[in-house]
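# An overview of the molecular structure
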Amino acid sequence: MIPKNLIKKTPSIENHNWKKVGERRSNSVLNRDLYAKGFGQKYIREMTGIDFGCKNLLFVNPELYLDVDEFAVFRDKFLENVRNDPEYYPLVVSRFRAYCDALKDLAYEIKEKDFSKAENADLKKQFERIMSALLDIMPFSYINHNQEEIPNILLEEVLIKAGVDKSRISEYKPKLIVPTDELTFSQQEAGALKELAEKLNKDNQKELIRQHIEEYGWIKSSYFNARQATEQEILERIKNINQAQEKHKENDPVLKELNIDENQLKVVNCLKELLFLKTYRKELIGLISFASKGLFDEIAKRMDVSYEHVINHTVDEIREFFASGKVNKDEIHKRLESFAHVLVDGHSKVITGSVLLEKYAEKGISQDITGQTANSGKVKGNVVVIEKQQDLKNIKQGSIVVIDSIGPTDFQHVSKAAGIITNHGGVLSHAALLARELNIPCIIGAENATQALEQGEYIELDADNGTVNKLEDKYRKMFTITMGLCLADLYMRTHVFNTREVLGKGHRNICFMIRDGKLSGYFSEEDIEEMGRLGVEKLKDNEFVQKNKS
């Protein structure tokens, strides 16, 4: 829901059919400005050959909205090209790959430079090279926004032409798009960490970790959020990797089962490559952000502001500084409090101030949670809602993670999860990729999950059917007595261990609550039903009855 005061500032916002398509945790004006510019006609035409430019986009921290009617125009043109020319999609993917590789080469080059003594003209030149390389890869985001509509439509068409019944399309989709053998930087680092763990001892620890940080220390960086891993972080990650269970499963050989012709196979192969490139692109953005930190630090020094102030300028404002030396410090201070980046009818502006300081919330949020299957399976567990980057540390083994969307740097934390639910995403999303790689039940595109589910709720995720069932209320109060905590613990252990010894299975879900000096015991309905069923079965066994008469 767009804040009312923002609509007052830009009345023409109301003339558009906005849809929230995601959230971006990296929050700077420079980041938002690159989206607005990179979705423009020049860059979309260069990547796709389509004479189209996005003229409507909103960033209301941290949410991204697109005009779905405008997106539909681009979507239909893109799909028409794919359907009419079997070589079109491979060409677009190869261009995207080339832009990504160019960004990587530039990042490694920039990383080695010392900008402290560079002339302003050279600083500007390097700044322009970085902006140009980033803008080249921006159209990919536009192609894959709006619930990744284009890949979903193409996959459905491939499966229908292959003779798959419409009722089974959701089952086949995640099986058809499996990762390529090419490793992302995050996967490479995970392998390097395992090797590091085997070699590590007290004598070589500092040197080996220093070498690892030199190669992979940037991996947690994102859009102009440049940070380097510490020795302690690497040690903690090694510990987590050693404790992680191997959940990988072999890919389902669906291609061998289906009658897919050569042209449709090209579409499938493009989607598989894009699954890799989506993560590769995000990682490269982190790499270039880390590599260019020295450049932006030097620009900040010459502007007489902080690094954080620099990245809250637009591209053109930084250009203006190089041209005239002007810096509007008051405006940037306001942006650090709150801002919205508005692109409406082709006109772009940054809005700051009290307009965004009011609280707003979507009303009438549905409590029914449904989404698209990214990886099948059923699992029960407690919800961990991820709203901020630092919430990722709250994920425990066996949690069900509820998150707006997943980025490649979230993989290590989320891999502990027993299930994943995302508000946004499609078959090529990072969440879908992670879920399939680790065989974790997952639904994507649930839209309202982070608002409809509460921290700690006990739920069942049915990824086979794309649904979520709340189980928190399925507990029955069995007694209320005066009992100390020590006796309560003994009582609970008795129910767990004695029932296991007698019936072969013990209670798994018991809750004790103390109120006004009285202790109440709650047993899950599921446990009560199961113990009752086992008891009835055992009572039919005369030998069991005689043995347990006492």
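One can find the structure itself at the top, above this paragraph.
Everything in this summary refers to the structure shown in the same document. (Residues numbered from 1 in each chain as written. Predicted model: local features only at pLDDT ≥ 70, side-chain atom pairs only at ≥ 80, totals over all residues. Heavy atoms only, no water.)

### Some details on the overall build of the protein
Just so we agree on the cut-off: Elements are defined by DSSP. Helices are runs of H or I of four residues or more, strands are runs of E of two residues or more, and each kind is numbered from the N terminus. Relative accessibility thresholds used throughout: buried, under 20% of the residue-type maximum; exposed, over 50%; partly exposed, between the two (1.4 Å probe, protein chains only). Contacts are assigned to residue pairs that have any heavy atoms within 4.5 Å of one another. Accessible surface area values rest on a Shrake-Rupley calculation with a 1.4 Å probe, where residue burial reflects the displayed protein chains alone.
Helix and strand counts for the protein stand at 23 helices and 15 strands. For the protein, the proportion of its 550 residues judged to be buried stands at 51%. Sequence separation of 24 or more characterises 68% of the internal contacts of the protein that already satisfy a separation of 6 or more. Here the protein has roughly 26,700 Å² of accessible surface; of this, 47% comes from carbon and sulfur atoms.

### Some thoughts on the pairing of strand S9 (residues 419-422)
To keep things clear, this is the line we draw: Strands pair, by our definition, only if DSSP identifies at least two bridges between them.
By the alternation rule, side chains of S9 split into Gly419 and Ile421 and Ile420 and Thr422, which are all buried. One ladder, built from 4 bridges, connects strand S8 (residues 400-403) with S9; its direction is parallel. By the bridge assignment, Val402 is partnered in S9 with Ile421. Of the pairings in the sheet, the one linking S9 to strand S10 (residues 442-444) comprises 2 bridges and is parallel in character.

### Digging into the sheet that holds strand S6 (residues 372-375)
Hydrogen bonds along the backbone pair up the strands of a sheet, which may run parallel or antiparallel. As a reminder, the rule being used: In this analysis an axis means a line fitted to C-alpha atoms, helices contributing only their contacting stretch, and an angle means the value between N-to-C directions, from 0 to 180 degrees.
The strand order across the open sheet built from 7 strands is S6-S10-S9-S8-S7-S11-S12, with neighbouring strands paired in mixed fashion. What marks the edges here is a single partner per strand, and that holds for S6 and strand S12 (467-470). On average, each strand axis in the sheet is inclined to that of its neighbour by 30°, with strand direction left out of account. Bridge count for strand S7 (residues 378-386) against strand S11 (residues 458-462) is 5 bridges, and the pairing is antiparallel.

### Looking at the sheet that holds strand S1 (residues 18-23)
Read from one edge of the open sheet, 5 strands run S1-S3-S2-S4-S5, paired in antiparallel fashion. Because the sheet does not close on itself, it has two edges, and the strands there are S1 and strand S5 (347-352). Within the sheet, the average angular offset between the axes of one strand and its neighbour, ignoring direction, is 20°. Two elements, S1 and strand S3 (residues 63-67), share 5 bridges in a ladder whose sense is antiparallel. Looking across to S3, one finds that Gly22 is bridged to Leu64. Packing of helix H4 (residues 68-84) onto the sheet brings it into contact with S1 and S3, and relative to S3 it is tilted by some 65°. Strand contacts of helix H17 (residues 329-337): strand S4 (339-344) and S5, with the helix running at about 75° to S5, the strand carrying the most contacts.

### Section: helix H2 (residues 29-38)
By the criterion of burial, H2 is predominantly enclosed, with 9 of the 10 residues buried. Residues of H2 that are buried: Val29, Leu30, Asn31, Arg32, Asp33, Leu34, Tyr35, Ala36 and Gly38.

Taken by themselves, the reported measurements are silent on function.
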